[in-house]
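Single-letter residue listing:
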Amino acid sequence: MFVPLVISDRLMHDTISTSIPLQSVLNATTKQAEEINSLTNWFFIAAAFIMLVVLTFTVYVIMRFNADKRRNKEKKELSRKWEIPMIGIPSAMIIVFLVYSIITMGHVLPDNDNSPPDLIVIAHQWWWEARYPDYKVVTANEIHLPAQRNLKIQLQSADVIHDWWVPSFGNKMDMIPGRLNYIHINVKKPGVYYGTCSEFCGRQHAQMRLIIVAEKNEDYLQWLSQQQRDVVMESATLPGAALFIREGCGSCHTIKGTPANGDRAPELTHLASRKTLLTGLVPNDSGELAGFIKAPHFIKPGINMPDFRLPDSTVRKLAGYLSCLK
Amino acid sequence: MQNKLMMKLAIGSEAIFFLAFILGYLHFWDQGNFQLQASTQLSASKSALYTGLLILSSVTFIVAEKTFNERKYNRSLWWMLCTILLGVIFLGGQGIEYYELIQHNISLSTGVFGTAFFALTGFHGLHVIIGLIIMIYLCWLIKYDYPGKQNSTIISTAGIYWHFVDIVWICVFTTIYLLPFLI
Amino acid sequence: MYLFTALFFFILGGGAALLMRTQLAVANNRLLSPEVYNQIFTMHGTTMVFFVMMPALLGISVYIIPLMIGANDMAFPRLNAFSLWITLLGGLLLYFSFAAGGAPDAGWFNYAPLNQFYYSFTKGIDYYAMGLLLGGIGSVSTAINLIVTILTMRIKGMHLTQLPLFAWMGLVNSFLIIGAFPALNAALCMLLLDRQLHAHFFNNSGGSALLWQHLFWMFGHPEVYILILPAFGVYSEVFQVFSGKRIYGYGFVAGSTVAIALLSFGVWVHHMFATGLGNTVNTFFAASSMLIGIPTGIKIFNWIGTMYGGSIRFTVPMMFAIAFLIEFTIGGLSGIGFSIVPIDWELTDSYFVVAHLHYVFIGGSLFGLFAALFYWFPRMSGRMLDEKLGKWFFWIFVTGFNMTFFIQHFLGLMGMPRRVYTYPDIPGYTILNFISTAGAFLMAAAVLLLLYNIYISIKKGTPAGTDPWDAFTLEWYPPSTHPGKNFDELPEVHSRQPLLDLKKASVNQ
C-alpha cells in the first residue's frame, strides 16, 4: 500500500535525496593527497607569480605607450637583452618543478611490484564491484576500507573505460578493459568519503558515485565478517527468495546462500547493510527500493536493468525481502 | 614544379597514415602472438615474388617517364602498359593470398591478427588500385595529343605517387612477412 | 565562403553550449535526458573544433596569405574550392546523424570501447567518423595548397625570412596539419572497420582501448596547436600595426613557432597520464610538455615587447589582442599545471580541464578570429565594421567569457567531473554553475550584437579605402580592378614591411 504513495510522492519533488558534503581536491584526506597538495600549492604560487609579471608588464605598457600620450614622440625599442631572463627564468622554474614532480610521482604511485592487492574494484556501467580477495567478500557500491594502513587497490573494468576518483584522496586512475591498474592510498582518518567516476562511460556516467567508508581496523574486520556470511534461509524470507528467482532477478544478481548467482549486476547478499542505493543517489529504505524496482529508469535513466513491469504486490514483497538482507 | 611539391606533401601525409597502421600492427605483436601467426600462416617467399614484381613496375614506370620526356610516345605507352600489368599481377597475388587466408579462417573479423593484417595490406592495395586507375588515365594522356603535352609534368608527378606506393609496400612487407624471422 | 560555413556551425555549436549550460544551471536538473545531453556535448566539441575553428582559420588564411605574399590566387584554386565544399559536406553529414537515429554520443574524443557498436548502437558514431574523414581531407588539401602557394608564389624579393608572420604561421601550421590529420584518419578508418566489419582494433575481444587513445591524441595534441598558430599570426600582425612598430624579435617569434610545431608531436601522452602507463613514460612526456611552454612564453613576451615604446591605438582588434595576452596566460598556466603529473592526476577529467581548454580555445583562438574579423573586414568587404558596436561586443563577450569559465577552475578543485549531464546538490555547486550559465548567455548576447554589426556594416558601413589602419604589409596594397585577380601591379619588396617602406618613400619624395 505504501508503494503507490511513495511513487507519487517522488514524482512531486526532487528525486535525488542523499546529501553529499563538499569534496575538495585541496582537502587532503590521504597521505598521498598531502604530498601532491604541497606540490600543487607551490605550483599555484609560481603560476600566480608569472601571472602577476605578465599582468604588470601588459598594464604598464598599455598605459605608458597609449597613442594619445605619445603623439609626437619617437618610437623606442626594448633592449634585446631582456630575452635572456625571459627564457632563463621559466626554464629554471620548469626544471625545478620537473624534479619535484618526479619525486612526488615515485612516492604516490610507485611502479607495480606484483604484490597482491588489498582490494580489487571492478567498474561496470554504471556501478562498482568490490572484491576483497583475502576474505572472499564480494560487494557493490559501498566500499569499506581500513583507515591508517597502506592499501594497494587493483582497478579493472568489465566493459568500457571508467575512472576511480575520490577528490580528497588525491590522484585518480583509469580502469581500462583488458588492463590492470593500481592505486595506493593511506586514509588518514576514519570517515565517509565521496567520489565519482571520472572517465566518460556512457549514459549514467554522471551519477556513478563512489562511496568509501574508511573505518578503524576493528570495525573494518567486523564489517568483513558480516559480509562473509551467507544468507540464512528462514521460513520468513523463503517466499521472498523464491519470488526473487521466479521473477528472473537471480540471473543477474547474486544473493549468496540462495540459488541467485548472476554476475552482471550488483551483489545483493547484504543489500540492507548499505546506507544508500543506486551508487549513492537515494537513501536505502524499503520505500526507495520499491520505487526503484517499480520504475528502474526513473532515477537512473538508461541503466542496464530492464523494467519488468511488475505488479505492485510483487514489488512490495521483493522490497520487503531485500530489506531483510543485512 | 608546383605539382611535384604538392604530390610530395600529399604522400608525406599518406606516409604518416600508413605509419599509424604499422604502429597499430606492432601494438598487437605480443598480445596477438603475431610472431607465431605471421611465420606460420603467411608465405614470405610467395609474397617476396610479388614484391619483386611491384618493384619491377616502378622500374618500368621510370622507363615510361623517360621515353615520354624524349617524346617517344609509342614506347612510353608500351612501358606504361607493362607497369599496369605488373600492378595487376601484384594485386592478383594479394587476392590469392587473401582467399587462402580466409579459407583458413583468418579474416578481418576473426581476431586481432586478421584485423591488423587485412587492414594494413588492404589499405595498401587500395592505394595500388588508385595508382592503376591513374595510370590508365596516363595511357590516355600519352596516346593523344593536347596543348602543353611536351612540357607536361603529370607523368613525373604520378611517378612520385607510384614509387611511394612501392616504398610503402617494402615497409609493410618487412613488418608483416620478414619481422617474425628477424627478431 | 569558409567564414560563412564556420558561422553557420558556430551558431549550431554555440546553441548546443547554451543547452548544456541551461541543463547544468541547477543540480539534479531533468531538463535534458542523459541520452540527449550526451549527444549535445559530443556535437558541441566536434562542431567547434572541426567545423568552426578549422574552416574559419583556414578560410582567413587562404584569403589573406596570397595577398600578403603578392600572389594572385592560391596555387591550386580548384583544390581550394574542393576543400571548402568537402568540409561543408562533412559537417552536414555529421549533423545528418540527428535525423538518422541519433548523433554521436561518446564525446568528441570518442574513446574505445565505448565507441564500439556493442556499446553505442545508434549510427551516430559512424556519421562522426565519415564526417570527420571528409573534413580532414578538406583540411589536408588546404594545407598542401597553402604550402605550395607560400613556397612558390612569393613576390620577387620576398625571401622566406621576410614573410609576414601571419604567412609564416600559416606555413608552419600547414605542415602540422599534414602530419597530424593522418593519425586521426587512420583511427577513424580502424573504427569504421570495427563497427561495420567487426574488426578487432579497439574492441574487448583482442582489441586495445589504449590504441585509440594513442592515435587520437597523436592527432589531438598537434590539432590544438593547429588551432592556435593562425591566431598567433593574427596577433603578430595586429600588435605591430596598432603599436606602430615592427615586431620585437621576429627571429624568436618565427623560430619559436617551429619549435612548437616540432615539439607538439612529442607530447600527446599528457592526455593519458591517468591511464597507468608507468612513471618512466609519464616523466618523458611531462618533460616534453613542460618544455613546450617555453616557446609560447617567448611569444607572449615578444608581443608585449612590440607594444613597448610604440604608440598604441585601442581599436577593437587591438583590444582583443591585449585581452588575449591575459586570457591565454591563464589558460597556458593551467595547462602547465597539467604537465605536472601529480597535479594532472588530481585534476584531469574535472571542470578544471574544461576551464583550461576554453581559456586557450576562446581566449586564444576565438579572440584571434575576432581580431582577424575586425582587422581584415575592410579588405574583404570594402567597409569598416562599426567600432562602437565592436567595443560593446568586446566588453560584453569578455565579461561573459570570464564569468563562465573562471568559475570552472573552482568547480574542478571542488571535485566536479566533466562530461556529466547533471551533478549532485553539493554545497557551492549550484551557485557556481548558475553563474557560469549566466556568463554563457552574456556571450550569446554579445554574439548577437556581433552578427548585427556584420549585417549593418555590410549594408551601410563606412567605406574603407585601401589602407584604413595604416598597415605594413601587402594585403593593404591597392587591389586589382579585375575580378579573379588580386593585384594589377606590386611594389618591390626589400624588407618585412613592404607597404611601410612604400609609404615612407612616397613621403620622402
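Because the structure is predicted, anything quoted here is derived from the model rather than measured.

Trainee: I keep staring at the overall build of chain B and nothing clicks. Help me out?
Mentor: Summing up its helical and strand segments, chain B has six helices and zero strands in all. Going from N to C terminus, chain B has its helices and strands arranged as α-α-α-α-α-α. Along the three orthogonal principal directions, the C-alpha set of chain B runs to about 55 × 30 × 25 Å. Within chain B, the fraction of its 183 residues that count as buried is 50%. A separation of at least 24 residues holds for 79% of the contacts in chain B among residues at least 6 apart in sequence. When the accessible area of chain B is evaluated, it comes to approximately 8900 Å², of which 68% is carbon and sulfur surface.

Trainee: What am I meant to see in the packing of helix α2 (residues 31–64) of chain A against helix α10 (residues 316–339) of chain C here?
Mentor: Each pair of packed helices gets described by two things: the angle between the helix axes and the distance between those axes. Contact pair α2 of chain A / α10 of chain C: the axes reach a minimum separation of 10 Å and the direction vectors enclose 170 degrees. Accordingly, the angle class assigned to the pair α2 of chain A and α10 of chain C is roughly antiparallel. Here α2 of chain A contributes Phe-43, Ala-47, Ile-50, Met-51, Val-54, Leu-55, Thr-58 and Ile-62 of chain A to the contact with α10 of chain C, which in turn contributes Ile-322, Leu-325, Ile-326, Thr-329, Ile-330, Leu-333, Ile-336 and Gly-337 of chain C. Per-class residue counts for the contact of α2 of chain A with α10 of chain C are 13 nonpolar, three polar and no charged.

Trainee: How do you make sense of the confidence of the model for chain A when you look at a structure like this?
Mentor: Overall, the prediction assigns chain A a mean pLDDT of 90, with 94% of residues at 70 or greater. Contacts from residues 1–13 of chain A, a stretch scored under 50 in pLDDT, to residues over four places away or in other chains number 18 contacts.

Trainee: Teacher, can you tell me more about the arrangement of the chains here?
Mentor: Of all two pairs of chains sharing an interface, the pair with the highest contact count is chains A and C. For chain A and chain B, which are not in contact, the least C-alpha distance works out to 11 Å.

Trainee: Sorry, what's going on with α10 of chain C here?
Mentor: An α-helical turn contains 3.6 residues, so any two residues separated by three or four positions project in the same direction. With 24 residues, α10 of chain C ought to run about 34 Å at 1.5 Å a step, and its terminal C-alpha atoms sit 34 Å apart, in line with that. Here α10 of chain C lies mainly inside the structure; 22 of its 24 residues are buried.

Trainee: Explanation requested: the pattern of salt bridges in the structure shown.
Mentor: A side chain with one charge can pair with a side chain of the opposite charge if their charged atoms come near. Scanning all chains against the criterion turns up 14 salt bridges over all chains. A salt bridge links Arg-419 of chain C to Glu-199 of chain A; its shortest N-O distance comes to 3.6 Å. You can see Arg-419 of chain C sitting in the loop between α13 (387–413) and α14 (429–460) and its partner Glu-199 of chain A sitting in the loop between β9 (191–197) and β10 (209–215), one on each of two chains. Across the pair, exposure class does not vary: Arg-419 of chain C and Glu-199 of chain A are buried alike.

Trainee: How do you make sense of the packing of helix α5 (residues 165–197) of chain C against helix α6 (residues 209–243) of chain C when you look at a structure like this?
Mentor: All names here are of chain C. It is at 8 Å that the axes of α5 and α6 come closest, and there the two elements cross at 160 degrees. One element, α5, and the other, α6, form an angle in the roughly antiparallel class. α5 and α6 meet at a crossing whose hand is left-handed. Here the contact of α5 with α6 is composed, by residue class, of 27 nonpolar, four polar and two charged.

Trainee: Help me out: how do you make sense of unusual backbone geometry in this one?
Mentor: Glycine aside, negative phi is the norm for most residues, and most peptide bonds take the trans geometry. Residues and elements named next belong to chain A. The linkage connecting Gln-125 with the following residue, Trp-126, adopts the cis geometry, with an omega of 10 degrees. Phi at Asn-141 takes a positive value of approximately 70 degrees, unusual for a residue other than glycine. Tracing the chain through its elements places Asn-141 in the loop between β3 (137–140) and β4 (142–146). Asn-141 gets classed as buried once you look at its relative accessible area, which sits at 10%.

Trainee: Explain the interface of chain C and chain A to me, please; I cannot follow it from the model alone.
Mentor: It is common to give the size of an interface as the accessible area that goes away when the parts come together. Counting residues at the interface gives 86 residues for chain C and 88 residues for chain A. A combined buried area of about 7200 Å² lies between chain C and chain A, and 69% of that area is made up of carbon and sulfur atoms. Looking only at chain C, the three residues that lose the most surface to chain A are Tyr-308, Trp-345 and Glu-346 of chain C, adding up to 11% of its buried area. For the pair chain C and chain A, the interface holds two salt bridges. Measuring nitrogen to oxygen at the nearest pair gives 3.9 Å for the salt bridge that ties Arg-203 of chain A to Glu-35 of chain C. Seen at the junction of chain C and chain A, the total is 20 residue pairs in polar contact (both at pLDDT 80 or more).

Trainee: Is there a simple way to explain the environment of Glu-223 of chain C in this structure?
Mentor: Relative to the helices and strands, Glu-223 of chain C resides in helix α6. In this structure Glu-223 of chain C comes out as buried when scored by relative accessible area, which is 1%.

Trainee: What am I meant to see in a nonpolar patch on the surface here?
Mentor: A surface patch of nonpolar side chains, about 250 Å² in accessible area, is lined by Leu-55, Val-59 and Met-63 of chain A. In this fold, Met-63 of chain A is placed in helix α2.

Trainee: Help me understand the interface of chain B and chain C in this model?
Mentor: Tallying the contact residues gives 25 residues for chain B and 28 residues for chain C. With both chains or domains summed, chain B and chain C bury close to 2200 Å², and 80% of this area falls on carbon and sulfur atoms. When the buried area of chain B at its contact with chain C is split by residue, Gln-2, Leu-9 and Leu-108 of chain B rank highest and sum to 23% of it. Counting the contacts that link chain B with chain C gives zero salt bridges. The tally of links from chain B across to chain C stands at six residue pairs in polar contact (both at pLDDT 80 or more). Sort the elements by how many residues they give to the side of chain B that touches chain C and helix α1 (residues 2–27) of chain B lands first, with 13 residues. Considered class by class, the residues forming the side of chain B that touches chain C number 15 nonpolar, ten polar and no charged.

Trainee: What am I meant to see in the sheet that holds β3 of chain A here?
Mentor: Through backbone hydrogen bonds, the strands of a sheet pair up, either in parallel or in antiparallel fashion. All names here are of chain A. Spatially, five strands are ordered β3-β2-β1-β5-β8 in an open sheet, and the strand pairing comes out mixed. A single partner strand is all that each edge strand has here, and the edge strands are β3 and β8 (181–185). Each adjacent strand pair in this sheet contributes to an overall mean axis angle of 25 degrees, direction not counted. Two strands pair when backbone bridges link them, and strand β1 (residues 119–124) and strand β2 (residues 127–132) are joined in this way by five bridges, in the antiparallel orientation.

Calculation notes
- Think of each chain on its own: its residues are numbered from 1, step by step along the sequence as written.
- The naming scheme follows written order: chains are lettered A onward, ligands numbered 1 onward.
- It should be noted that, the model being predicted, local features are given only for residues of pLDDT at least 70 and side-chain atom pairs only at 80 or more, the latter also being counted only at that level, while totals for whole chains, interfaces and linings use all residues.
- Think of the side-chain values as coming from all heavy atoms in the structure, minus any hydrogens and water.
- The helix and strand labels rest on DSSP assignments: H or I over at least four residues marks a helix, E over at least two residues marks a strand, and numbering proceeds from the N terminus.
- Partly exposed describes any residue whose relative accessible area lies between the buried limit of under 20% and the exposed limit of over 50%, with all areas from a 1.4 Å probe on protein chains only and scaled to the type maximum.
- The contact definition used throughout considers only heavy atoms, calling two residues in contact when any of these lie within 4.5 Å.
- Each accessible area value is a Shrake-Rupley result obtained with a 1.4 Å probe; residue values ignore everything except the protein chains displayed when judging cover.
- To obtain each axis, a line is fitted to C-alpha atoms, and for helices this fit is confined to the stretch in contact; angles are then taken between N-to-C directions over 0 to 180 degrees.
- Each angle receives one of four descriptions, namely roughly parallel if under 35 degrees, roughly antiparallel if over 145, roughly perpendicular if within 65 to 115, and oblique otherwise.
- Note on residue categories: nonpolar means Ala, Val, Leu, Ile, Met, Phe, Trp, Tyr, Cys or Pro, charged means Asp, Glu, Lys or Arg, and polar means any other residue, Gly included.
- Confidence of the predictor at the level of single residues is given by pLDDT, which spans 0 to 100.
- One less than the number of residues in a helix, times 1.5 Å, gives the span that helix is expected to have.
- Note on definitions: salt bridges are taken to be side-chain nitrogens of Lys or Arg within 4 Å of carboxyl oxygens of Asp or Glu.
- Handedness of a crossing is defined here by the sense of rotation of the near helix relative to the far one, left-handed for an anticlockwise turn of less than a right angle and right-handed for a clockwise turn.
- Note on terms: buried area is the combined drop in 1.4 Å-probe accessible area of two parts once they are placed together, counting the loss on both.
- Nitrogen and oxygen atoms within 3.5 Å of one another constitute a polar contact, given that in protein one can donate a hydrogen and the other can accept it, and given that sequence-neighbouring residues count only through two side-chain atoms.
- Residues qualify for a patch when their relative accessible area is over 30% and they have no salt bridge, like charges being joined within 9 Å and the nonpolar side chains of Val, Leu, Ile, Met, Phe, Trp and Tyr within 5 Å.
- At least two DSSP bridges between two strands are required for those strands to pair.

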